[in-house]
Amino acid sequence: MNAVELGPLVLSGERFAIIVGVAVFLLGSGVLASRVSPRFNAWSTVAVLTGLGAARLAHVIAHWSYFADDPLRALAVWQGGFIWPWALAPVAVAAVVMLRERRLMLWAAAPVIACALAGAATVRLTSGTEPTPAPAMSLVSLEGAAVNLAAVDGRPTVINLWATWCPPCRREMPALAQAQDDRPDVRFLFVNQGEGQAQVARWLEEAGLEIDNVLFDPAMSVPRHYGTAGLPVTLFLGRDGRLAKAHVGEIAPEQIEAEIARLK
């Protein structure tokens with residue numbers, strides 16, 4: 001669900017689509033380099049680097065309030081966050097400067113179009129979400145209380161599947177903790193996978209995090225219910241308790257807010 005497994009590596013559908021799109025672009029450019037002009041070799045490299053950079057820069061500018069306190073997070077491209085139309089300008093400029101001939105510039109449109117189509121098709125095929133209801137189970141919280149995951153109280157729900165041994169889980173936890181503080185209109189559940197209460201409590205204390213609704217899933221039943229793979233996974237449920245989006249991998253603060261805004 002919303003992910004592609006490549007051996008031990010688990011990629012979200014969106015991130016896998018970027019890989020597919022870039023691969024198709026480079027393959028198409030390689031064909032042009034061998035059959036039309038060797039200039040396409042250098043152009044394709046510059047186009048990929050400047051296109052990705054421009055798309056990422058556009059995302060950072062559009063969400064600057066989330067980056068102002070930590071501008072270096074703009075380099076955390078593994079979190080996702082690209083505005084792809086901005087990639088077209090540097091790709092086109094590179095074509096004018098490096099290919100020079102009108103005939104070659106027209107040929108350059110072919111790998112660009114193929115890249116866009118391949119990426120869009122991959123997203124469509126890998127990022128579908130079934131409106132799965134929350135599992136009818138209760139999990140024990142860090143304080144010892146039983147919490148029913150299927151209970152609805154009129155608020156949307158965010159369920160984060162995590163573990164202390166998982167580096168991206170640890171990196172994203174402060175952003176999720178802040179979102180919990182900022183959004184009392186959303187129910188947050190932090191469902192730890194397969195670890196003990198003492199271990200989790202010790203890590204939270206060392207990290208200086210105070211989080212409500214830390215739950216324990218020793219049998220890892222929640223990811224089986226939703227059919228997710230890998231950690232971390234952040235599940236966004238509507239007010240009816242049905243799944244609206246599953247985000248696989250580390251999630252950025254602006255992505256948390258964007259997904260919450262889409263919930264009904």
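Up top is the structure.
Residues numbered from 1 in each chain as written. Predicted model: local features only at pLDDT ≥ 70, side-chain atom pairs only at ≥ 80, totals over all residues. Heavy atoms only, no water.

**Quick look at a nonpolar patch on the surface**
Argument step 1. Residues Leu57, Ile61 and Trp86 make up a contiguous nonpolar surface patch of roughly 320 Å² in combined accessible area.
Argument step 2. Position of Leu57 relative to the elements: it lies in helix α2 (residues 39-62). (Patch = residues over 30% accessible without salt bridge, like charges linked within 9 Å, V, L, I, M, F, W, Y side chains within 5 Å. Areas by Shrake-Rupley, 256 points an atom, 1.4 Å probe, with all protein chains shown as cover. Salt bridge = Lys/Arg side-chain N within 4 Å of Asp/Glu carboxyl O. Helix = DSSP H or I, 4+ residues; strand = E, 2+ residues; numbered from the N terminus.)

**Describing the packing of helix α1 (residues 13-35) against α2**
If you want to describe how two helices pack, look at the angle between their axes and the distance between the axes.
Argument step 1. Here α1 crosses α2 at 160 degrees, and the two axes come no closer than 8 Å. Here α2 runs roughly antiparallel to α1, going by the angle between their axes. In the packing of α1 onto α2, the handedness of the crossing is right-handed. Residues Ile18, Val22, Phe25, Leu26, Ser29, Leu32 and Ala33 of α1 touch α2, and the partners they reach there are Phe40, Asn41, Trp43, Ser44, Ala47, Val48 and Leu52.
Argument step 2. Each residue belonging to the contact of α1 with α2 can be placed in one class, and the counts come to 11 nonpolar, 3 polar and no charged. (Axes fitted to C-alpha atoms, helices over the stretch in contact; angles between N-to-C directions. Parallel < 35°, antiparallel > 145°, perpendicular 65-115°, else oblique. Left-handed = near helix turned anticlockwise from the far one by under 90°. Contact = heavy atoms within 4.5 Å. Nonpolar A, V, L, I, M, F, W, Y, C, P; charged D, E, K, R; others polar.)

**Digging into the state of the cysteines**
Argument step 1. Scanning all chains against the criterion turns up 1 disulfide.
Argument step 2. In this model, Cys166 is linked to Cys169 through a disulfide, with the two sulfur atoms separated by 2.4 Å. Disulfide Cys166-Cys169: the torsion about the S-S bond is 80 degrees, which places it as right-handed. There is no split in this pair, since Cys166 and Cys169 are both buried. (Disulfide = S-S within 2.5 Å. Buried < 20%, exposed > 50% of the residue type's maximum accessible area, 1.4 Å probe, protein only.)

**Examining the sheet that holds strand β9 (residues 243-248)**
Argument step 1. Strand order in the open sheet formed by 7 strands is β4-β3-β7-β6-β5-β8-β9, with mixed pairing between adjacent strands. The outermost strands of the open sheet, each flanked by one partner alone, are β4 (146-148) and β9. The sheet shows a mean angle of 30 degrees between the axes of neighbouring strands, taken without regard to direction.
Argument step 2. In this structure, strand β3 (residues 138-141) lies alongside strand β7 (residues 214-217), joined through 2 bridges in antiparallel fashion. Bridging from a neighbouring strand, Ser141 pairs with Leu215 of β7. (Pairing = 2+ DSSP bridges.)

**Overview of a negative patch on the surface**
Argument step 1. A surface patch of negative charge is lined by Glu143, Asp181, Asp182, Glu210 and Asp212.
Argument step 2. The residue Asp212 is located in the loop between α7 (197-207) and β7 in this model.
Argument step 3. With a relative accessible area of 52%, Asp212 lands in the exposed category. (Lys, Arg positive; Asp, Glu negative; His and termini not counted. Charge placed at Lys NZ, Arg CZ, Asp CG, Glu CD.)

That's the geometry; what it means functionally is another story.
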